[in-house]
Amino acid sequence: MKQRSLGRPGAPTTRQVSAIGLGAMPLSIEGRPDTDRAIATVHAALDAGVTLIDTADAYHRDADEVGHNEELIARALREYGSSTDDVVVATKGGHLRPGDGSWTKNGDPAYLKEAARASARRLGVEAIGLYQFHRPDPDVPYADSVGALAELLDEGVIVRAGISNADVDQIEEADRILGGRLVSVQNQFSPAFRSSLGELEHCAAKGISFLPWSPLGGISNAAELGSRHAVFAEVAQAHGVSPQQVTLAWELALADVVLPIPGSSRPASITDSLAAAGLELSADEIARLSAATSGDAA
């Protein structure tokens, strides 16, 4: 598995992780697999060299199981047959699921600090490897929410701080409040959703890791990626690989700071996705993929 930096060049907390991580959300929400298959999926990712796993306290289905995904990841790591000391588990706080299928927000600083401590307990760690503010809360000043991350860093509750679902102005504000310690931005980005390209390019210029969520278009659309995006299917056919592999390889080629985190609920699908780290695309192919829109032919 190829490696990339998580964190900014020269920062003391910057470390190498797998170029592609595991997005663990599908293991805990609606349509989730049974526990055995979920753990097998995590283990398949680890077998392939994954050292970055993305979770959140809100990745659960029912109201009474907050942190389901965090606890699942912690169990999978405990039960893995080899050392997992090199694995960074990234989690998030500030987004909630009351159990009726909706998502709500809470960016209150006191809440975020307690949520981070609860996440650390569920993960079984003294300090969270990467903690990200999940989504801006319109009822709380953004600076106040990010300020909680700065306090968590100073208190040693978290090792690294990031933000999610942020625009360029919020990236700049967060980095200022964190004193240049902003490590990551996790935004939606895929062939079908490219409106975060500006944030990706901004992160590349600043050396901030960019973690595309739903990099294959989302749980319900990933399987149809090739039929929805003809150019990706044609490049995949030329290489004898899946359109999903081409998609992840394209995203990796956009900037060295990109760390895709494809979600998966089956060992076979995450194994296929991770093979993208070794797929080399030509400059012409990258240009064609970057210029393509949904349904485009070559």
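- Going by the annotation in an unreviewed UniProt entry, the name recorded for the protein chain is Aldo/keto reductase, with Kineococcus endophyticus given as the source organism.

As for the overall build of the protein chain
And step 1. Check the secondary structure of the protein chain and you find 11 helices and 11 strands.
And step 2. In the protein chain, buried positions account for 54% of the 298 residues.
And step 3. Of all intrachain contacts in the protein chain linking residues separated by at least 6 positions in sequence, the fraction that spans at least 24 positions is 73%.
And step 4. Accessible area of the protein chain: about 11800 Å², with a carbon and sulfur share of 48%.
And step 5. Taking the 25 positively charged and 40 negatively charged side chains of the protein chain as two groups, their mean positions are separated by 2 Å.

With respect to the UniProt feature "domain: NADP-dependent oxidoreductase" (unreviewed entry) in the protein chain
And step 1. Look at the UniProt record and you will see "domain: NADP-dependent oxidoreductase" (unreviewed entry) annotated at residues 19-291.
And step 2. End C-alpha atoms of residues 19-291 are separated by 24 Å, and the span's content is 43% helix alongside 11% strand.

A word on the pattern of salt bridges
And step 1. Tallied over the full model, the rule gives 18 salt bridges.
And step 2. As a salt-bridge pair, arginine 117 and glutamate 155 come within 2.7 Å of each other at their nearest N and O atoms. Residue arginine 117 is found in helix α3 (residues 109-123), and its partner glutamate 155 is found in helix α4 (residues 142-155); the two are separated by 38 residues along the sequence.
And step 3. For arginine 117, a relative accessible area of 30% corresponds to the partly exposed category.
And step 4. A salt bridge links arginine 181 to aspartate 154, with the shortest nitrogen-to-oxygen separation between them at 3.0 Å. Residue arginine 181 is located in the loop between α5 (168-177) and β10 (182-186), and its partner aspartate 154 is located in helix α4; the two are separated by 27 residues in the primary sequence.
And step 5. Residues joined in a network through salt bridges with shared partners are Arg8, Glu172, Asp175 and Lys206.

A closer look at the pairing of β10
And step 1. Here β10 lies mainly inside the structure; 5 of its 5 residues are buried.
And step 2. Both β10 and strand β11 (residues 209-210) contribute to a ladder of 2 bridges, which runs parallel. The residue of β11 that forms the bridge with serine 184 is serine 209.
And step 3. For the handedness criterion, the β-α-β arrangement of β10, helix α6 (residues 197-206) and β11 is classed as right-handed.

Brief notes about the sheet that holds strand β3 (residues 22-23)
And step 1. Overall, parallel pairing links the 7 strands, which are arranged β3-β4-β5-β8-β9-β10-β11 in an open sheet. With partners counted over all chains shown, the strands left at the sheet margins are β3 and β11, one partner each.
And step 2. One ladder, built from 4 bridges, connects strand β9 (residues 161-164) with β10; its direction is parallel. The residue of β10 that forms the bridge with isoleucine 163 is valine 185.
And step 3. Across the sheet, α5 lies against β9 and β10, angled at about 155 degrees from β10, the strand it touches most.

Considering the layout of surface pockets
And step 1. Estimates place the volume of the largest pocket at around 810 Å³.
And step 2. Among the elements that make up the lining of the largest pocket, the one with the highest residue count is helix α10 (residues 267-274) (3 residues).
And step 3. Split by residue class, the lining of the largest pocket holds 14 nonpolar, 17 polar and 6 charged.
And step 4. If you add up the space inside the second largest pocket, you get close to 380 Å³.
And step 5. In terms of lining residues, the second largest pocket is bounded by 18 residues, among which Leu77, Thr84, Val87, Val89 and Val125 are the most central.
And step 6. Every element with two or more residues in the lining of the second largest pocket is listed here: α2 (68-79) and β5 (88-93).
And step 7. Here the lining of the second largest pocket gets 4 residues from one element, more than from any other, and that element is α2.
And step 8. Taken together, the residues of the lining of the second largest pocket break down into 11 nonpolar, 3 polar and 4 charged.

Considering the pairing of β9
And step 1. The side-chain alternation of β9 yields two buried faces, one formed by Ala161 and Ile163 and the other by Gly162 and Ser164.
And step 2. As for the winding sense of the linkage, the β-α-β connection from strand β8 (residues 130-133) through α4 to β9 is right-handed.
And step 3. Between the parallel elements β9 and β10, the chain passes through α5 in a crossover that is right-handed.

Some remarks on the side chain of asparagine 69
And step 1. Mapped onto the elements of the fold, asparagine 69 is located in helix α2.
And step 2. Exposure remark for asparagine 69: the relative accessible area of 0% places this residue in the buried category.
And step 3. Aside from chain neighbours lying at most four places away, what touches asparagine 69 is Ala24, Met25, Leu27, Ser28, Asp54, Thr55, Ala56 and Tyr59.

Here we look at unusual backbone geometry
And step 1. Even without being glycine, asparagine 165 reaches a positive phi, approximately 55 degrees.
And step 2. Assignment of secondary structure puts asparagine 165 in the loop between β9 and α5.
And step 3. For asparagine 165, a relative accessible area of 18% puts it in the buried group.
And step 4. Despite not being glycine, serine 214 shows a phi value in the positive range, around 50 degrees.
And step 5. Tracing the backbone through its elements, the reader meets serine 214 in the loop between β11 and α7 (225-228).

Each value, and the rule that gives it
- Residues numbered from 1 in each chain as written.
- Predicted model: local features only at pLDDT ≥ 70, side-chain atom pairs only at ≥ 80, totals over all residues.
- Heavy atoms only, no water.
- Helix = DSSP H or I, 4+ residues; strand = E, 2+ residues; numbered from the N terminus.
- Buried < 20%, exposed > 50% of the residue type's maximum accessible area, 1.4 Å probe, protein only.
- Contact = heavy atoms within 4.5 Å.
- Areas by Shrake-Rupley, 256 points an atom, 1.4 Å probe, with all protein chains shown as cover.
- Lys, Arg positive; Asp, Glu negative; His and termini not counted.
- Charge placed at Lys NZ, Arg CZ, Asp CG, Glu CD.
- UniProt positions renumbered as here; feature names shortened; annotations may be inferred.
- Salt bridge = Lys/Arg side-chain N within 4 Å of Asp/Glu carboxyl O.
- Pairing = 2+ DSSP bridges.
- Right-handed = clockwise from strand over helix to strand, strands pointing away.
- Axes fitted to C-alpha atoms, helices over the stretch in contact; angles between N-to-C directions.
- 1 Å grid on protein atoms, 1.4 Å probe; cavity = no way out; pocket = protein on both sides within 12 Å on 5 of 7 lines; lining within 4 Å.
- Points joined across faces, edges and corners; volume = space filled by probe spheres on them.
- Nonpolar A, V, L, I, M, F, W, Y, C, P; charged D, E, K, R; others polar.

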